[in-house]
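Next come the chains, spelled out residue by residue.
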Amino acid sequence: MKKALVAGFLWLLSFGMANAQLRLYVDGQPVPASDSRIQYRFAPSRDMMTVDPSSPGGADWIMADDTLTQKSIHDQSLWIRIPLSIFRTPKPIVLISVENPHINFLKCWFMIGDSVIHESPLMGDHLPFDRREIPDAGFSFSLPQGHDPDLLQLVLALEKRRSKMEVPLYVSTINDIAIRKESEGVEMGFLLGFIALLALIQLYLLISTGDKAHAWYTLYLLIITGYLLADQGLLFKYLFPGTPAYNDLVRPAFLTLCLQPVMMFYRTLLRLKHTMPRHDHILRWVLGVHFLLMLIGFSSRPTEDYAAQRFWIVLISLVSPAILILFLWITVTAKRKKIPLAGYATFSLSGLSLFILLFSLNQNDRLPDGLAIISHGQYAGMMLDGIVMTFALIHRFLSFQRRNRELRQQIREQQELIFREVAQWQHREMNRISHFLHDSLGSSLALIRLETDYMELTEENRRALSEKIHGLGADIRQMSHNFSTRLLEEKGVRMILEEQIHRIRQIHDIDIQLEWIGNDNSIRFHYQMMVYLIVQELLRNLIRHARATRANLQILTAENRVYIYMEDDGVGATDTESGIGLKHIRELVELLRGSFNIHTATGQGFSISIEFNQTDHEDHAHRDS
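Bear in mind that the values here come from a model prediction, so they are computed numbers and not experimental data.

A word on the overall build of the protein
Part 1 of the argument: The secondary structure content of the protein amounts to 19 helices and 16 strands.
Part 2 of the argument: In the protein, which comprises 625 residues, the share counted as buried stands at 46%.
Part 3 of the argument: Long-range pairs, those at least 24 residues apart, make up 73% of the contacts in the protein between residues at least 6 apart in sequence.

This is how it looks when you write it as structure tokens:
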């Protein structure tokens, strides 16, 4: 599993080189952006509205070279002039497009010499979507008809305030447009379909198991889907085309928001609330502060000085990496404590922290464009996180299955022991009945027969004889009830115990109160047998040794737990280890893997509390996984 994660990480690093700030493509194939015929200059933002591109002298323009790519964050607008004659294609060019939906302001001119042939309206992601000439997520311009393309010059003025600007410029033929759009549609459809499939699987698992980890993973998938759509400009196109102010809010908000479900996912997976409560308290406090900052960002409105955008840039660049590093420290601590699945969290958060840091530095021009994994670090981090989270869930599922099998085997063994104990109890009861029939019942019947042979049939003698026969009948019924599991199955343990305690009150003059709390039907039958055996031993000890006048028996059922508590006002005990009855009770409780506590002293009564769980292998495995 870990080898697969390392391989996925190396695959991410194997991305090719990123293109520079100005990237040119003809029919999808890149061409050098440092052609000496390409010129650029920087100008104040207002020039985009007021200046004729043909008016500045030639000295204002700079020949394109590597200096164009050395600085990509500008406070001014960038002007680029490209003669279309440098693009040699066998088929005529019909469309020129800038495939960056996040250019704030953009304007295009087609020129021949110093004459403007066509001027586009001012457009950009800070203007309503319908300002664009062609309804595309990027910015597209059709070539003016009736002019020789070799004579045309393209002049672009672009502005991207306070953040990195990239200009991927596509010069397309009819075939290239169809192929590129179809390819983009297929890729986007496949990606969204795959994410939707994962989300549906997680929702099914969430409904089936109630495990919150699946809920956080589903939320993470929805957030990265939202970020992907926002980054492609599709949310602006379809959801809020008339409200461009949201563009400065939606994309960074999704990028920042994705940290919350990731950390909550691993918090749930590592069970930090139970395994590391102090660290969990720190984490919850930090996540609360992070969420509060995001609420402030959501409630802010973009202004002309881009205050909201600066807020999100600081939040992404400084606060989010700091929180990630804090959580990374927590996961490393969990790894040292050998908490299951902590390795996945450490690997995932290490990668996410690294990629977000690289992306933030690159977006602030602190790192040059090199590998695409740097300039698109947010995608790499999200992809790595999604892969590792998936592997973590698979690992936990396999661990759950293995633990499930082990618990099934343990439960089978425990049930065999329970049935064996019940069989031994029945064997002892049969021997006891045999001795009772031979020694007690047989002798009593023989004595009654001798008495009737020489007895005068007076009213008093008949009454005495009737009482003796009635006593023998009661003893036989008591023994029958004690031995019959059929009656237990028909009536239930609660009714059987109530009847038995009622008889003890009549025969032994002990005031026993039975208090049953909870649903007795929630106890499965073989556990009813164990409750019955334990209470039987307690009642025998009460009758034989306690010399008590009052006793209280409480039985409580809650979920899968069973509690038995009994106390009396008898003589108490000094030795609780050697008694056969208590030893048998202790063996039964150990068999059930429960707890057993006795409080007693000479002359101070006797109390015993017993607690055990009705083992459910699925619940057990879920808690242990």
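Structural notes on the pairing of strand β6 (residues 95-98)
Sheet faces and side chains relate simply in a regular strand, where the side chains alternate between the two faces.
Part 1 of the argument: Residues L95 and S97 of β6 are buried on one face, and the alternating residues I96 and V98, pointing to the opposite face, are buried as well.
Part 2 of the argument: In terms of strand pairing, β6 meets strand β9 (residues 139-142) through four bridges, oriented antiparallel. Following the sheet pairing, I96 is matched in β9 by F141.
Part 3 of the argument: Bridge count between β6 and strand β11 (residues 167-172): four bridges; the pairing is antiparallel. Pairing of S97 across the sheet is with Y170, part of β11.

Description of the packing of helix α17 (residues 525-546) against helix α18 (residues 580-591)
The relative placement of two packed helices comes down to the angle between their axes together with the axis-to-axis distance.
Part 1 of the argument: Remark: α17 packs on α18, axes separated minimally by 9 Å, with the N-to-C direction vectors making an angle of 160 degrees. If you check the angle between α17 and α18, you find them roughly antiparallel. The handedness of the crossing between α17 and α18 is left-handed. Along the contact surface, α17 presents M530, L533, I534, E537, L538 and N541, while α18 presents G581, L582, H584, I585, L588, V589 and L591.
Part 2 of the argument: Grouping the constituent residues of the contact of α17 with α18 by class yields nine nonpolar, three polar and one charged.

Quick word on α18
Part 1 of the argument: An ideal rise of 1.5 Å per residue puts 16 Å on 12 residues; α18 measures up with 16 Å between its terminal C-alpha atoms.
Part 2 of the argument: Restricting attention to buried positions, one finds in α18 the residues G581, L582, H584, I585, R586, L588, V589 and L591.

Brief notes about the confidence of the model for the protein
Part 1 of the argument: On average, residues of the protein carry a pLDDT of 77, and 76% of them reach 70 or more.
Part 2 of the argument: pLDDT under 50 marks residues 1-20. Its contacts with residues more than four places away, or in other chains, come to 35 contacts.
Part 3 of the argument: Predicted confidence for residues 617-625 stays below pLDDT 50, and this span has 24 contacts to residues more than four positions away or in other chains.

Concerning the sheet that holds strand β4 (residues 62-63)
Part 1 of the argument: Sheet architecture is open: six strands sit in the order β4-β3-β5-β10-β7-β8, paired in antiparallel fashion. A single partner strand is all that each edge strand has here, and the edge strands are β4 and β8 (115-119).

What to know about the packing of aromatic side chains
Part 1 of the argument: Taken as a whole and judged by the stated rule, the model has nine aromatic pairs.
Part 2 of the argument: For the ring pair Y217 and F265, a centre distance of 6.0 Å and an interplane angle of 45 degrees mean the geometry is tilted. Of this pair, Y217 sits in helix α4 (residues 212-231) while F265 sits in helix α7 (residues 259-270); the two residues are 48 residues apart in sequence, bridging distant segments of the chain.
Part 3 of the argument: Classification of Y217 as buried rests on a relative accessible area of 1%.
Part 4 of the argument: On the accessibility criterion, F265 (0% relative accessible area) is buried.
Part 5 of the argument: Each ring, one from F240 and one from Y246, has its centre 5.4 Å from the other, and the planes form 90 degrees; the classification is edge-to-face.
Part 6 of the argument: For F240, a relative accessible area of 11% puts it in the buried group.
Part 7 of the argument: Within the aromatic cluster, the residues linked to one another by ring pairs are F129, F236, F240 and Y246.

Focus: the side chain of S97
Part 1 of the argument: Summarising the element assignment, S97 is placed in strand β6.
Part 2 of the argument: Side-chain polar atoms of S97 contact the side chain of E99, separated by 3.1 Å.

Side note on the pattern of salt bridges
Part 1 of the argument: Tallied over the full model, the rule gives 10 salt bridges.
Part 2 of the argument: With its nearest N and O atoms 2.8 Å apart, the salt bridge here joins R251 to D231. With R251 in helix α6 (residues 247-257) and D231 in helix α4, the pair connects residues that are 20 residues apart, well separated along the chain.
Part 3 of the argument: In this structure R251 comes out as partly exposed when scored by relative accessible area, which is 22%.
Part 4 of the argument: Put simply, E499 and K491 hold a salt bridge, and the shortest N to O gap is 3.1 Å.
Part 5 of the argument: The exposure class assigned to E499 is partly exposed, which follows from its relative accessible area of 24%.

Quick word on the environment of G570
Part 1 of the argument: Position of G570 relative to the elements: it lies in the loop between β14 (561-568) and α18.
Part 2 of the argument: The exposure class assigned to G570 is buried, which follows from its relative accessible area of 6%.
Part 3 of the argument: Leave out the neighbours within four places in its chain, and G570 touches A546, R547, A548, G603, Q604 and G605.

As for a nonpolar patch on the surface
Part 1 of the argument: Taken together, the side chains of F291, L292, L295 and I296 present a nonpolar region at the surface, about 360 Å² in accessible area.
Part 2 of the argument: Mapped onto the elements of the fold, L295 is located in helix α9 (residues 277-299).

Remarks on the nonpolar core
Part 1 of the argument: Membership of the largest hydrophobic core comes to 48 residues, with the highest contact counts inside it found for Y217, Y220, F265, Y266, L269, L270 and F327.
Part 2 of the argument: Of all elements in the fold, only α3 (174-209), α4, α7, α9, α10 (307-336), α11 (342-363) and α13 (377-454) reach the threshold of two or more residues within this core.
Part 3 of the argument: For Y217, the residues in contact, after removing those within four places along its chain, are L198, Q202, F265, G386, M389, T390 and L393.
Part 4 of the argument: Among the nonpolar cores identified, the runner-up in size contains 40 residues, and M529, V535, A546 and L591 belong to it.

Some thoughts on α6
Part 1 of the argument: In terms of burial, α6 is a largely internal element, eight of the 11 residues being buried.
Part 2 of the argument: Where α6 is concerned, the buried positions are N247, D248, L249, V250, P252, A253, L255 and T256.

Considerations on the sheet that holds β14
Part 1 of the argument: The strand order across the open sheet formed by five strands is β12-β13-β14-β16-β15, and the pairing between neighbours is mixed. For this open sheet the edge positions go to β12 (511-517) and β15 (595-600), each flanked by a neighbour on one side alone. Neighbouring strand axes in the sheet, compared pairwise and without regard to direction, differ in orientation by 10 degrees on average.
Part 2 of the argument: The pairing of β15 with strand β16 (residues 606-613) spans six bridges and is classified as antiparallel. Within the sheet, the bridge partner assigned to T600 lies in β16 and is F606.

Description of the side chain of R81
Part 1 of the argument: Locating R81 in the fold gives a position in strand β5 (residues 77-83).
Part 2 of the argument: For the buried R81, no salt bridge exists, and the shortest N-O distance to an oppositely charged side chain is 5.6 Å, to D114.
Part 3 of the argument: Separated by 2.6 Å, the side chains of R81 and Q39 make a polar contact.
Part 4 of the argument: With residues up to four places along the chain from it excluded, the contact list for R81 reads R37, I38, Q39, W61, Q153, L154 and V155.

Section: the environment of A342
Part 1 of the argument: Here A342 shows up in helix α11.
Part 2 of the argument: When its relative accessible area of 1% is taken as the criterion, A342 is described as buried.
Part 3 of the argument: Once the C-alpha coordinates of A342 and Y266 are considered, the two residues, 76 residues apart in sequence, prove to be 8.3 Å apart.
Part 4 of the argument: Once residues lying within four places of it in the same chain are set aside, the contact partners of A342 are L270, T331, A334 and K335.

Rules used throughout
- In this numbering scheme, every chain counts its residues from 1 along its sequence in written order.
- Local features in this predicted model are restricted to residues whose pLDDT is 70 or higher, and side-chain atom pairs enter the listing and the counts only when it is 80 or higher, whereas totals over whole chains, interfaces and linings include all residues.
- The basis for every side-chain value is the complete set of heavy atoms in the structure, and neither hydrogens nor water enter the calculation.
- Put simply, DSSP marks the helices as runs of H or I at least four residues long and the strands as runs of E at least two long, and each gets a number from the N terminus on.
- Buried residues are those whose accessible area, probed at 1.4 Å on protein chains only, stays under 20% of the maximum for their type, while exposed residues exceed 50% and partly exposed ones sit between those limits.
- Contact definition: two residues touch when any of their heavy atoms are within 4.5 Å.
- We call two strands paired when DSSP finds no fewer than two bridges between them.
- Fitting a line to C-alpha atoms yields each axis, with helices limited to the stretch in contact; the angle taken between N-to-C directions then spans 0 to 180 degrees.
- If an angle is under 35 degrees, it is roughly parallel; if it is over 145, roughly antiparallel; if it lies from 65 to 115, roughly perpendicular; otherwise it is oblique.
- A clockwise turn of the near helix away from the far one marks a right-handed crossing, whereas an anticlockwise turn of less than a right angle marks a left-handed crossing.
- Under this grouping Gly is polar, as are all residues other than the nonpolar Ala, Val, Leu, Ile, Met, Phe, Trp, Tyr, Cys and Pro and the charged Asp, Glu, Lys and Arg.
- In this scheme, a helix's expected span is set at 1.5 Å multiplied by one less than its residue total.
- The predictor's confidence in any single residue is recorded as pLDDT, a number from 0 to 100.
- Between 30 and 60 degrees the pair is tilted, below 30 it is stacked and above 60 it is edge-to-face, where a pair is any two Phe, Tyr or Trp rings, Trp via its six-membered ring, whose centres lie within 6.5 Å.
- Polar contacts, as used here, are pairs of N or O atoms within 3.5 Å; protein pairs need one atom able to donate a hydrogen and one able to accept it. Residues neighboring in sequence count only if both atoms are side-chain atoms.
- In what follows, salt bridge is the name for a side-chain nitrogen of Lys or Arg lying within 4 Å of a carboxyl oxygen of Asp or Glu.
- Patch rule: a residue counts if its relative accessible area is over 30% and it has no salt bridge; like charges are joined within 9 Å, and nonpolar side chains (Val, Leu, Ile, Met, Phe, Trp, Tyr) within 5 Å.
- For accessible areas, the Shrake-Rupley method is used with a probe of radius 1.4 Å. Any residue's cover is judged against the shown protein chains and nothing else.
- As used here, the term nonpolar core means buried Ala, Val, Leu, Ile, Met, Phe, Trp, Tyr and Cys residues forming a set that is joined through side-chain atoms within 4.5 Å.
- Charged residues are defined narrowly, with Lys and Arg counted positive, Asp and Glu counted negative, and His plus the chain ends left uncounted.

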